[in-house]
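Residue-level structural notes
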Protein chains: 2
Amino acid sequence: MKAYGLTSRCTGSDALCFVASALASQGLVTTNQVFARWFQDRVEAHRFVVEPIALNELDRWRFDQATGRIAHETGKFFVVDGVRIEQRSPERLSWDQPILHQAEIGILGFVVKRFDGVLHFLVQAKMEPGNLHYVQVSPTVQATRSNFTRVHQGRAPDYLEYFLDMRLSRVMVDCLQSEQGSRFWRKLNRNIVVEAQEDVPLRDDYCWLTLGQLNHLLRQDNVVNMDARTVLSCLPLAAPELEGWFIEDYPKCIEAQCGIDRGLLRVPDNLFEAACLMSLVCPANAEAYAHTLRWLSRQRFGADQSVTSIAPREMRNWTVRSDAIAHDEGRFFRVIGVRVDAANREIGTWCQPIVQPASEGLMACFTRQTSGQVEVLLQSKPEPGNADTIELGPSVQCFRRDHREADLPSFTHDADNPDFGIWHVNTLQSEEGGRFYREANRNRIIEVGGDWLVEPPDSYRWVPLNQLRPMAVHSRILNVEARCLLASLGAGTLAEGARSRYPCPK
Amino acid sequence: MKAYGLTSRCTGSDALCFVASALASQGLVTTNQVFARWFQDRVEAHRFVVEPIALNELDRWRFDQATGRIAHETGKFFVVDGVRIEQRSPERLSWDQPILHQAEIGILGFVVKRFDGVLHFLVQAKMEPGNLHYVQVSPTVQATRSNFTRVHQGRAPDYLEYFLDMRLSRVMVDCLQSEQGSRFWRKLNRNIVVEAQEDVPLRDDYCWLTLGQLNHLLRQDNVVNMDARTVLSCLPLAAPELEGWFIEDYPKCIEAQCGIDRGLLRVPDNLFEAACLMSLVCPANAEAYAHTLRWLSRQRFGADQSVTSIAPREMRNWTVRSDAIAHDEGRFFRVIGVRVDAANREIGTWCQPIVQPASEGLMACFTRQTSGQVEVLLQSKPEPGNADTIELGPSVQCFRRDHREADLPSFTHDADNPDFGIWHVNTLQSEEGGRFYREANRNRIIEVGGDWLVEPPDSYRWVPLNQLRPMAVHSRILNVEARCLLASLGAGTLAEGARSRYPCPK
């Protein structure tokens, strides 16, 4: 086994250490070639069977015929319930829908460790029943409280002790984040990164990757799961040490501060990736940040939505059947049942309800560059499951079949038009495979010219990239769709000569 | 009428302008002498009658005999309901209690304006039925959505237009804040400060005060109401311009940046007030702030409380009677009814339910100085009405009769012991007089030596003062009790020779 150098002379901030890891495009423990073989091997190592079954055949779940509610016999995990939404503003709307209640806060956590000074993330090749191809790259631990209090009587998740016993690790990131407010009732997960203090035993299904390697995987479809992406969106990258340095000199600064051989670090060779990185490492302007928060307060004040719990059977335009809870026009999503047989999970076989979306989603962020800063267009997005109704979503957050053609959200056509702006990221990314069935949404980062949408509508706002990380460390500001796109900004590339495709000034 | 100078040459940050206003101990529009006469006059100008009446005699309110719920006939304002709390951690507890549902976000707002460059706050002498002496100094506007959509068919609140029409004003502060999570279900108010762009007509019951004058009033009992205090706690004071300056030179810097005659500004002549100000003007260290937020996430993750709505009549240990909803041992609080006759409110006469506490509260913050920084001891405080269960409360937040003597919260005896530390603030302050009946709680800021409680219990933490304002601009971090104490930090004074009263090192 290779002996890794000590790194006791690191004086850099955590942010600088994460930037260093992002610049390490090759792993010191797992090369990209080794990873590719290992991951394929993991995919093939286990046999998974996921078969749809009727809701009233879900073992250990109670499907209440009278109300249509579905709950686990222990009262844990989650409950499928209904809600009625009366929205008076920003626009008048009234609708019913199923919603998942998951009251307990789960852990989505990475263990990280320095090898030759470079932070590596311990990733898991994890099977989830809803994932396309089943296995994806996940955080080290991904566990609900029911998981780790072992309600299902399986074994405790590996490495959980690093998140519960603070003698084993040092906390680098720890924040509570919402998930899909259109489907979950006030769900929060703890997004956490801890640095192990000692050697970490490496188990099957786990391997060490740098942030640069994770960014590389984020360029591919359906490899890095949603839980990993949301945690990556919370990493601090604003490194005061890098203020005033040219990007070419970042490795020099990192070598001096973190004791990392600059030969291990690769400066992005495309303009977009470089511009994003430079924007992220520059600490946010306090007054500009406060300005954005004031806009958010005004949006929240302006939103008026009341949400009442109702039985699924009372939902207008939805039908509760034994095979599914479904919308009468086939829109939105269906709640179905699955039986899962997975040899390498804490418990090998189980049944559960799961949400199957009616169509592929489009999650797109427009970006622009103004005086060297990259800005993203965010929207004030009301969703019934959010504690404060409004969180900030990507420029476009749209499921085609949720809308009639005339009612598509603003900018959907622009985000779907390959001749509009430059597509730096254009991938399919899965949503949480433990709750959503084979959902992969189109993720797109589109660079536009500075002359487009100079004055956005009141519910949209151009936000400098370096304000997003401070938002992410506070709960309930950026929604999960925005956070996942934010995570993939490090994965953007610039097609040579693409600049001519900017939209023309009007 | 005096002509006030133009201030077009102000280049200072908003924070610097607020610091300048805090240093203006005398008003340019209303001197302290004029204010005292004016306020006394306002108190005497109107006749108020508040008389307790039975809950089933509240005009326009429905007291449901079967459930014990009380609601306004329009469904607006607020609802008196019941909740059952099952808390599994941090400690196992189970209890029932009444709770106020107030779903709509209200406005607590100050209009400010510069006179000779100095920001003045337009305060209102406002009557609330629950206030001791009825009239207190309030924000310019204090209105629920029901108020300003005129559900009660009264007139619209004065000056409301400055908060709704952004052509009239510039927003300086705008954040949503929680209120008493022990009594309100997820209540949020918009705490907002806007600077008027033009002359502002001055109506009866209103006058202009500097922040320095407000701080002076905060040294007195029951003069500045809770709504004013929570807004004042959100003012940005971290002025980058003042970094590296000695406090004696603040007026010089302010004169240069804000065009304010330095002769108008008074540097605090006591050590505690000066130390607090110096700590507040220094921008928070980003890494230290992130560390505090990580601690908060861990506390929130550790708290496990489920809250279920129940009918008041189902509440264990509470009795619903026609005169009150009361605890069987006389603890906590009672919900009673009042009939109000107030000539100068939007609507002259009304009835409402109101909460009467069983005992005076003690809200105390311990402070200490370490390497020039002032730190306050905050606690992770679970309350059933909070969206995230935990918000940060003052060191001691205690209603005597809520506890048996053996179960008093930590540090209550220390905070009540005049020989322990130095009491810089020791006032009685009212809580929201629109919902709470004659409640005035003891507010105390106590300076202790740096050798006391060096390692606080896990649910307590010493937090540098300059982290509290960034917390305040994000929602739901500091609870209202902590914010109100924070507002009164500018009102602290140091008794000469008091240093000998520090607790001895152990």
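Thresholds applied
- Residues numbered from 1 in each chain as written.
- Chains lettered and ligands numbered in written order.
- Predicted model: local features only at pLDDT ≥ 70, side-chain atom pairs only at ≥ 80, totals over all residues.
- Heavy atoms only, no water.
- Buried < 20%, exposed > 50% of the residue type's maximum accessible area, 1.4 Å probe, protein only.
- Helix = DSSP H or I, 4+ residues; strand = E, 2+ residues; numbered from the N terminus.
- Pairing = 2+ DSSP bridges.
- Contact = heavy atoms within 4.5 Å.
- Buried area = accessible area lost by both parts, 1.4 Å probe.
- Salt bridge = Lys/Arg side-chain N within 4 Å of Asp/Glu carboxyl O.
- Polar contact = N/O pair within 3.5 Å; in protein donor to acceptor, adjacent residues only side chain to side chain.
- Least-squares fit on C-alpha atoms with pLDDT ≥ 70 in both.
- pLDDT = per-residue confidence, 0-100.
- Axes fitted to C-alpha atoms, helices over the stretch in contact; angles between N-to-C directions.
- Parallel < 35°, antiparallel > 145°, perpendicular 65-115°, else oblique.
- Nonpolar A, V, L, I, M, F, W, Y, C, P; charged D, E, K, R; others polar.

**Some points on the pairing of strand β20 (residues 373-382) of chain A**
Residue and element names in this part refer to chain A.
- Of all 10 residues in β20, 9 are buried; the element is thus mostly enclosed.
- As judged from the 4 bridges shared by strand β19 (residues 361-370) and β20, these two strands associate in the antiparallel manner. Looking at the pairing, Gln 369 lines up with Val 374 of β20.
- Two strands pair when backbone bridges link them, and β20 and strand β25 (residues 460-464) are joined in this way by 5 bridges, in the antiparallel orientation. Bridge pairing in β25 links Glu 375 to Pro 464.

**Describing the environment of Val 173 of chain B**
- For Val 173 of chain B, the location among the structural elements is in strand β10 (residues 169-178).
- In sequence terms Val 173 of chain B and Val 193 of chain B are 20 residues apart; their C-alpha atoms lie 4.9 Å from each other.

**What about the interface of chain A and chain B?**
- Contact with chain A, which involves 32 residues of that partner, is made by 32 residues of chain B.
- Carbon and sulfur atoms supply 54% of the area that chain A and chain B bury against each other, a total of about 2600 Å² over both sides.
- The tally of links from chain A across to chain B stands at 2 salt bridges.
- When the shortest N-O distance is used, the salt bridge between Arg 476 of chain B and Asp 388 of chain A registers 2.3 Å.
- Where chain A meets chain B, there are 9 residue pairs in polar contact (both at pLDDT 80 or more).
- At the level of secondary structure, the elements contributing two or more residues to the side of chain A that touches chain B comprise β6 (106-115), α3 (145-148), β10 (169-178), β12 (188-196) and α9 (286-302) of chain A.
- For the side of chain A that touches chain B, the leading source of residues is α9 of chain A, giving 8 residues.

**Considering the side chain of Ser 395 of chain A**
Residue and element names in this part refer to chain A.
- Mapped onto the secondary structure, Ser 395 falls in the loop between β21 (390-393) and β22 (396-399).
- Taking the relative accessible area as the measure of exposure, Ser 395 reaches 0% and is therefore buried.
- At a separation of 2.6 Å, a polar atom in the side chain of Ser 395 contacts the main-chain carbonyl oxygen of Leu 377.
- Once residues lying within four places of it in the same chain are set aside, the contact partners of Ser 395 are Ala 364, Cys 365, Phe 366, Leu 377, Gln 379, Ser 410, Phe 411 and Tyr 460.

**Quick word on the relation of the copies chain A and chain B**
- Structural alignment of chain A on chain B gives an RMSD of 0.0 Å, achieved by rotating through 180° and translating 0.0 Å along the axis. Within this description, the copies of the chain are treated as partners about a two-fold rotation axis. Residues of chain A ranked by C-alpha distance from the rotation axis are headed by Ala 387 of chain A, positioned 3.4 Å from it.
- Here 100% of the interface residues in chain A have copies in chain B that are interface residues too; the copies meet face to matching face.

**Focus on the pattern of salt bridges**
- Scanning the entire structure with this criterion turns up 70 salt bridges over all chains.
- Between Asp 81 of chain B and Arg 69 of chain B there is a salt bridge, with the nearest N and O atoms lying 2.6 Å from each other. Of this pair, Asp 81 of chain B sits in strand β4 (residues 79-89) while Arg 69 of chain B sits in the loop between β2 (61-63) and β3 (70-72); the two residues are 12 residues apart in sequence, bridging distant segments of the chain.
- Taking relative accessible area as the criterion, Arg 69 of chain B reaches 29% and is therefore assigned partly exposed.
- Residues joined in a network through salt bridges with shared partners are Asp 14, Arg 114, Arg 170 and Glu 195 of chain A.

**A word on the confidence of the model for chain A**
All names here are of chain A.
- For chain A, mean pLDDT is 91; residues scoring 70 or higher make up 93% of the total.
- pLDDT under 50 marks residues 1-7. Its contacts with residues more than four places away, or in other chains, come to 10 contacts.
- For the stretch residues 494-506, pLDDT sits under 50, and the model shows 23 contacts to residues farther than four places along the chain or on other chains.
- For this predicted complex, the interface confidence score (ipTM) comes to 0.92, while the overall pTM stands at 0.93.

**Observations concerning the packing of helix α1 (residues 14-23) of chain B against helix α5 (residues 211-218) of chain B**
All names here are of chain B.
- Contact geometry of α1 with α5 gives a least axis separation of 5 Å together with a crossing angle of 55°. Compared by their axis directions, α1 and α5 come out oblique. Residues Phe 18, Ser 21 and Ala 22 of α1 form the contact with α5, whose participating residues are Leu 211, Gly 212 and Asn 215.
- For the contact of α1 with α5, a count of residues per class yields 3 nonpolar, 3 polar and no charged.

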